[in-house]
Every structure is written in structure tokens, then in C-alpha cells.
Amino acid sequence: MADRFISREIFSWALRALALPLGLVAAPALAQTAPLGANLEQFDYPYPVHWFETRSAGQSVRMAYMDIAPAAAANGRVAVLLHGKNFCAATWGDTAKMLAAHGYRVIVPDQIGFCKSTKPAGYQYSLAALAGLTRDLLRKAGVTQPILVGHSTGGLIAMRYALLFPHELSSLVLVNPLGLNDTVAEGVPYTPLGGLLDEEAKTSAATIKAYQLRYYYHGEWRPAYDRWVAMLAGQYASRDGAVVRDAQARLSDMIETQPVAAEIPRIAVQTTLIIGEADTTAFRASSAPVDMRGRIRTVPQAAQEAVRRFPQARLVPLSGLGHAPQIEAPERFAPALLAALAGRQ
């Protein structure tokens, strides 16, 4: 998964989760998943969807994005929200609404390979390519100095953007990002693409929910999260779900093989790390030998050390919140984000 992986451990845990009381594992994970299309054709986003069409790696690609105008007096600033691997632009809906109400223009893309955007056959996914496509989309939209807000894998893309285009953003906000540590260097074995495809073949609503319950929401499930499980599982359940599985496996390979942690000292732009401290995400840690798993740092553990390696960074911890604080507790996340965007401690 992310952010997502399906290992034997997680698959077994998902099966055990099905035996838990329904108050903990809600009914939609047990029901038949509604197919939503490989590009989420049957899933509604909270704002109108626009399209950026271009070419990448010799192929035609199309990026979906939302472009939300300020709902109050415009402050002249643009916030760009980058989703994680188990998320889509739609999951930023509440955050986008809040920022628009504070005068921000908000742009929220689906990266190539994800959600409503295209998933080209055989595409060579790279953080640099996704960052470059994001920059090109923003140029088309007339945006030159955005604030990048990257969540989870979106944080990896945001950091690569800051490294590639250091003069083309005003600041960086990383929300429980991957990439603050190199988990392969810490002991996670490399899994070839074939192995990742085998794992993707086991992905279902039950395994998605079990993973997020355990790693993202520290054992506390709410009915509101079911919509996001249905969104992800609905892609896999579609007639062309194999396209989704292939893209997700290739994206996991991208995360495995393109670490950014060693380059953090070169990220010169002002950076804020907003970290839900109850997050237990450590990319693919359960595939490591049991005696090495304790060495593989979770996102909050990595953040404690990484914040000192950024030239300009501060850490904003959110106690008791997990991997997706913007979803879990928007009333606590919103003031932390607004302060970060305003450059306040």
C-alpha cells in the first residue's frame, strides 16, 4: 500500500480483522465493493474536475485537478495540495474548503497513476516526473510561486519538487510525509516489481481497511473513513482493475528505489513538518526480517531527526493523531496548517 503494501502479515491481519466486532470493522468492508472505474469515473469529487493534457515518457497523459477560487477576500497566495498513495485529490476536500474560506486559491491534482488521472501502460514512474508534471500543470494554471502541501507520498513528491525547482515555490508543508528516512537502508528488503504485483493481486476493501485501521488510525475506526476505503477499493473492483494494480505496483517500486532522505540538507525553502504522532507508518517495514523491524523508523520517529537536517524547518507535532490528521481531526489540523502557511510557529 503506501504508504500501502500488502504482505502476508497484513493479509493475515485483515482476515483476523473480519472477526472483530462490527463496531471496529464497519460493514462496507464486508460488503461487495462497488466498481468505480480505473479512473474513478463513477466517484464524485467535491469540486469540478479540470484536465491537464500533455506528454510524458513518450506517452499522452491526462492529469485531473480541482482549482478552487478563494471564497473570501483573496490573499494572492496559492496552496497546492498533494495527495498520498492511499489517497486522492478528493480526500483534501475539507482542507481545500477551509483554505478557500481564508482567501487562498487552492489547486489539488491527482498525480499520474492515481485516482482520476491516467495510468499509462508500462509507464516509468519517478518522483522527478511527477514533480515535473505538477510544475507544468501549475504553469498552465498561471501559478509560479505556490505553497506546496504534501501528504505521505505527496510529501516525497513535494520534496523532489523543491530540489528540482528551488526557485519555483514559496514554502513547503509536509504532512506525515514518507521519505524522511530511507527504509531500505534501514533494513527493508527490496521487492521486485513481480512481487509487488503479487501483493497488489490480494488488495481488497478488507485489506485496505485493515491496513489503515492498524497503521493510520491507531485502532480507532470511524464511519466517515469508509468512503475513502470504497474509493480505493472501487478502482480495483472495476473491469479494468488490472490497470490500477499495475500502476500501484510501479508506484511502490518508485518509492522503494528513489529515496530523498539523503538530499534533505539541499531543500533550502522554508519547511514545516506537521506530524500526527500516533502514526505507525514505516514503508514496507513488515516485509523486513523480524529482528530488523525495530530499526525501521516510523514517520514520527524519522521526523524528530530529519527536522534538524533541513536548512529552514520546524516541527509541529499533533499528539494522538495518526497518518492523516487532515482527515482524522480537521479541527486540529486546520489551525496548524494556517499557521504554517502564514509562516508562524
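The preceding data block contains the structure.
Note that the structure is predicted; figures quoted are calculated from it, not measured. (Residues numbered from 1 in each chain as written. Predicted model: local features only at pLDDT ≥ 70, side-chain atom pairs only at ≥ 80, totals over all residues. Heavy atoms only, no water.)

**Some words on the sheet that holds strand S2 (residues 59–68)**
Right, on to step 1. Taken together, the eight strands give an open sheet; going across it, the order is S1-S2-S4-S3-S5-S6-S7-S8, and neighbouring strands pair in mixed fashion. Each edge of the open sheet carries a strand with a single partner, namely strand S1 (49–56) and strand S8 (313–318). Strand-to-strand, the axes of this sheet are offset by a mean angle of 20°, without reference to chain direction.
Right, on to step 2. Bridge count between strand S7 (residues 271–276) and S8: six bridges; the pairing is parallel. Looking at S8, one finds that Ile275 is bridged to Pro317. (Pairing = 2+ DSSP bridges. Helix = DSSP H or I, 4+ residues; strand = E, 2+ residues; numbered from the N terminus. Axes fitted to C-alpha atoms, helices over the stretch in contact; angles between N-to-C directions.)

**A look at the pattern of salt bridges**
Right, on to step 1. Going through the model one piece at a time under the given rule, you end up with 13 salt bridges.
Right, on to step 2. Lys209 serves as the salt-bridge partner of Asp226, at 2.6 Å between the closest nitrogen and oxygen. Remark: Lys209 occurs in helix H6 (residues 205–216) and Asp226 occurs in helix H7 (residues 226–236); sequence separation between them is 17 residues. In terms of burial, Asp226 and Lys209 fall into one category: buried.
Right, on to step 3. The salt bridge involving Glu263 is made with Arg266; its shortest N-O contact spans 2.6 Å.
Right, on to step 4. A relative accessible area of 52% places Arg266 in the exposed class.
Right, on to step 5. The network of salt bridges with shared partners includes Arg135, Asp136, Arg139 and Glu168. (Salt bridge = Lys/Arg side-chain N within 4 Å of Asp/Glu carboxyl O. Buried < 20%, exposed > 50% of the residue type's maximum accessible area, 1.4 Å probe, protein only.)

**Some remarks on the packing of aromatic side chains**
Right, on to step 1. Taken as a whole and assessed by the stated rule, the structure comprises 11 aromatic pairs.
Right, on to step 2. Judged by centre distance (5.2 Å) and plane angle (75°), the rings of Tyr161 and Phe165 are edge-to-face. The pair formed by Tyr161 and Phe165 is uniform in burial state, with each residue classed as buried.
Right, on to step 3. Ring geometry for Tyr211 and Tyr216: centres 5.5 Å apart, planes at 80°, overall edge-to-face.
Right, on to step 4. Owing to a relative accessible area of 1%, Tyr211 belongs among the buried residues under this scheme.
Right, on to step 5. A cation sits over an aromatic face here: Lys116 above Tyr45, 5.0 Å from the ring centre.
Right, on to step 6. Over the ring of Phe165 we find Arg135; its NZ or CZ atom is 4.1 Å from the centre of that ring. (Phe/Tyr/Trp six-rings, centres within 6.5 Å; stacked < 30°, edge-to-face > 60°. Lys NZ or Arg CZ within 6 Å of the ring centre and 35° of its normal.)

**Structural notes on the state of the cysteines**
Right, on to step 1. Counted by the stated rule, this structure contains one disulfide.
Right, on to step 2. Across the disulfide, Cys88 is cross-linked to Cys115 (sulfur-sulfur distance 2.0 Å). Across the disulfide from Cys88 to Cys115, rotation about the S-S bond amounts to roughly -85°, and the bridge is consequently left-handed. With Cys88 in the loop between strand S3 (78–82) and helix H2 (93–101) and Cys115 in the loop between strand S4 (105–109) and helix H3 (127–140), this residue pair connects regions lying 27 residues apart in the sequence.
Right, on to step 3. Taking the relative accessible area as the measure of exposure, Cys88 reaches 0% and is therefore buried.
Right, on to step 4. Cys115 sits in the buried class, given a relative accessible area of 2%. (Disulfide = S-S within 2.5 Å.)

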